[in-house]
Amino acid sequence: QVQLVESGGGLVQAGGSLRLSCAASGRIFNINTMGWYRLGLAPGKQRELVATITSGGITNYADSVKGRFTISRDNAKNTVYLQMNSLKPEDTAVYYCNAEGTYYRDNYRTDFGSWGQGTQVTVSS
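These numbers were taken from a predicted model, which means no experiment stands behind them. (Residues numbered from 1 in each chain as written. Predicted model: local features only at pLDDT ≥ 70, side-chain atom pairs only at ≥ 80, totals over all residues. Heavy atoms only, no water.)

A.B. asks: Mind showing me how you'd approach the side chain of arginine 68 here?
C.D. replies: You can see arginine 68 is positioned in the loop between β6 (59-61) and β7 (69-74). At 2.7 Å, the side chain of arginine 68 forms a polar contact with the side chain of aspartate 91. Leaving out residues up to four positions away in the same chain, arginine 68 has contacts with Gln83, Met84, Asn85, Ser86, Leu87, Lys88 and Asp91. (Helix = DSSP H or I, 4+ residues; strand = E, 2+ residues; numbered from the N terminus. Polar contact = N/O pair within 3.5 Å; in protein donor to acceptor, adjacent residues only side chain to side chain. Contact = heavy atoms within 4.5 Å.)

A.B. asks: Hey, could you run me through the state of the cysteines in this one?
C.D. replies: Two cysteines whose sulfur atoms are joined by a covalent bond form what is called a disulfide. For the structure shown, the criterion picks out one disulfide. Bridging cysteine 22 to cysteine 97, the disulfide has an S-S length of 2.1 Å. The disulfide joining cysteine 22 to cysteine 97 has a torsion of about -80 degrees about its S-S bond and is therefore left-handed. Here cysteine 22 is found in strand β3 (residues 18-25), whereas its partner cysteine 97 is found in strand β9 (residues 93-105), with 75 residues between them in sequence. When its relative accessible area of 0% is taken as the criterion, cysteine 22 is described as buried. Overall, the relative accessible area of 0% leaves cysteine 97 in the buried class. (Disulfide = S-S within 2.5 Å. Buried < 20%, exposed > 50% of the residue type's maximum accessible area, 1.4 Å probe, protein only.)

A.B. asks: What is the right way to read the nonpolar core from this model?
C.D. replies: Buried together is how nonpolar side chains tend to be arranged in soluble globular proteins. Counting residues in each nonpolar core, the largest one holds 31 residues, and the members touching the most others are Trp36, Leu82, Met84 and Tyr95. For this core, the element with the highest residue contribution is β9, accounting for five residues. With residues near it in sequence (within four places) discarded, tyrosine 95 still touches Glu6, Leu20, Trp36, Tyr37, Arg38, Val50, Phe69, Leu82, Met84, Gly118, Thr119 and Val121. (Core = buried A, V, L, I, M, F, W, Y, C linked by side-chain atoms within 4.5 Å.)

A.B. asks: Is there a simple way to explain the sheet that holds β7 in this structure?
C.D. replies: Either a parallel or an antiparallel arrangement is found when strands of a sheet pair, and the pairing is made through backbone hydrogen bonds. Spatially, four strands are ordered β1-β3-β8-β7 in an open sheet, and the strand pairing comes out antiparallel. Of all strands in the sheet, those with a lone pairing partner are β1 (3-7) and β7, marking the two edges. Geometrically, the sheet is characterised by an average inter-axis angle of 15 degrees between neighbouring strands, direction not taken into account. (Pairing = 2+ DSSP bridges. Axes fitted to C-alpha atoms, helices over the stretch in contact; angles between N-to-C directions.)

Set out below in structure tokens:
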């Protein structure tokens, strides 16, 4: 299996910045897409896409974070980052890292899709 470990969440005032990191480990052959999703506190909320990035560097952002968040990755380290600037209270959520690619399972290449455990981001007004 491929494990994802996130770090960098915390409490920040509105207008502040945070940087999230997510490192993938395991018998990885390649990672195609890495991304960040979030789950807000409101009842009935569903996990929503924040940003994704391909191995070639193509990015995609939710409209709500465009111009404020920047996703990047270090392919050599199998790590993805999310730089979050100009944070707003509505950005408060648990942020989850996701990765999809191929890994070695019993010496055979097999597709995987993995999620991290989540990291809390709280933005106070």
